[in-house]
Amino acid sequence: MGKDAHVAARFADGADEGRLQYEAPKLLFRGAQRRVWDAAALKGVRSEGGDLVLADGSRFALGEVQAPRWAEAINNPKSRLDKLGVKAGMRVAVLGVADEAIAGELAGRGALLVNDFEGLDILFYAADSAGDLARIGDLVPALADKGALWVVSRKGKAATVKDVEVMAAAKSFGLVDNKVVGFSDTLTALRFTRRKT
């Protein structure tokens, strides 16, 4: 998940107050007026006196601790695989996820994309129906002791299952949710691991 804060803001046309959100590659401000900056407009973002300062002079009061963290995150965004926790040498399987780029990204990271469902460090599983969610129980044994199941589903208006339904299904099979990531422009992913005993 990206960054989110309630802030006081200053723009060339005046001051405002509202919600500031960063989800690479966009920064979004929702106040009296909605404003959006994309990757190109975020070049040269810096922290100054507790403010996050954009190249166009826009300033957001985040404080001495958070402003540098936001600037670092914007200037050095994490890749999708960083957010998903994929490391070199991990055993990873992808089941039903409609994303042409993921296999190449995994190979580039040095992860082992496997077809055998045993001892998996990470399993990406597409679930967009009640039937798909019911199958989660069959997938749990495929995970290594500290393995993670990422349930990938459509997001926004195209969603056919809600996050709460995904969480309830996974919890019924002894899993706990611990992270959510925007998998792509159209897909979201919820991370589940075995409940610690």
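In short, a report on the structure. (Residues numbered from 1 in each chain as written. Predicted model: local features only at pLDDT ≥ 70, side-chain atom pairs only at ≥ 80, totals over all residues. Heavy atoms only, no water.)

**Comments concerning the pattern of salt bridges**
Here is step 1: Tallying each qualifying case throughout the model produces 13 salt bridges.
Here is step 2: With a shortest N-O distance of 3.5 Å, Asp177 and Lys171 are connected by a salt bridge.
Here is step 3: Relative accessible area serves as the criterion here: at 41%, Lys171 is assigned to the partly exposed category.
Here is step 4: The structure contains a network of salt bridges with shared partners spanning Arg10, Arg46, Glu48, Asp51 and Arg59. (Salt bridge = Lys/Arg side-chain N within 4 Å of Asp/Glu carboxyl O. Buried < 20%, exposed > 50% of the residue type's maximum accessible area, 1.4 Å probe, protein only.)

**Describing the side chain of Ser58**
Here is step 1: The topology assignment puts Ser58 in the loop between β6 (51–53) and β7 (59–61).
Here is step 2: A polar contact is formed between the side chain of Ser58 and the side chain of Asp56, at a distance of 2.7 Å.
Here is step 3: Sequence-distant contacts of Ser58, that is, excluding residues within four places in its chain, are made with Arg10, Phe11, Trp37, Leu52 and Val53. (Helix = DSSP H or I, 4+ residues; strand = E, 2+ residues; numbered from the N terminus. Polar contact = N/O pair within 3.5 Å; in protein donor to acceptor, adjacent residues only side chain to side chain. Contact = heavy atoms within 4.5 Å.)

**Structural notes on the nonpolar core**
Here is step 1: Of all hydrophobic cores here, the largest spans 21 residues; its most connected members are Ile136 and Leu149.
Here is step 2: Elements supplying a minimum of two residues to this core: β10 (120–126), α5 (136–139), β11 (143–154), α6 (163–172) and β13 (187–194).
Here is step 3: For Leu149, the contacting residues outside a window of four places in its chain are Leu123, Tyr125, Ile136, Leu143, Leu175, Leu190, Arg191 and Phe192.
Here is step 4: Membership of the second largest hydrophobic core comes to 19 residues, among which are Phe11, Leu27, Phe29 and Ile74. (Core = buried A, V, L, I, M, F, W, Y, C linked by side-chain atoms within 4.5 Å.)

**Overview of the environment of Val161**
Here is step 1: With respect to the helices and strands, Val161 occurs in the loop between β11 and α6.
Here is step 2: Val161 gets classed as buried once you look at its relative accessible area, which sits at 7%.
Here is step 3: Along the chain, Val161 and Ser129 lie 32 residues apart, while their C-alpha atoms are 6.1 Å from each other.
Here is step 4: Beyond its immediate chain neighbours, meaning those up to four positions away, Val161 contacts Ala127, Asp128, Ser129, Ala130, Leu133, Ser153 and Val166.

**Description of the pairing of strand β1 (residues 3–11)**
Here is step 1: Across nine bridges, β1 lies against strand β2 (residues 14–23) in antiparallel orientation. By the bridge assignment for β2, Ala8 is matched with Glu17.
Here is step 2: Hairpin connection between β1 and β2: a loop of two residues separates the two successive antiparallel strands.
Here is step 3: Sheet topology places β1 next to β7; two bridges connect them, and they run antiparallel. Opposite Ala9, over in β7, you have Phe60 as the bridge partner. (Pairing = 2+ DSSP bridges.)

**Remarks on the packing of aromatic side chains**
Here is step 1: Throughout the structure, instances matching the rule amount to six aromatic pairs.
Here is step 2: Each ring, one from Phe11 and one from Phe29, has its centre 5.4 Å from the other, and the planes form 65°; the classification is edge-to-face. Here the residue Phe11 occupies a position in strand β1, and Phe29 occupies one in strand β3 (residues 26–30), the gap between them amounting to 18 residues. In this pair, the class of Phe11 matches that of Phe29, namely buried.
Here is step 3: Connected via pairs of aromatic rings, a cluster forms that spans Phe11, Phe29, Trp37 and Phe60.
Here is step 4: Positioned above the aromatic ring of Phe11, the side-chain terminus of Arg35 is 3.7 Å from the ring centre.
Here is step 5: The ring of Phe183 carries Arg80 above its face, with NZ or CZ at 4.6 Å from the centroid. (Phe/Tyr/Trp six-rings, centres within 6.5 Å; stacked < 30°, edge-to-face > 60°. Lys NZ or Arg CZ within 6 Å of the ring centre and 35° of its normal.)

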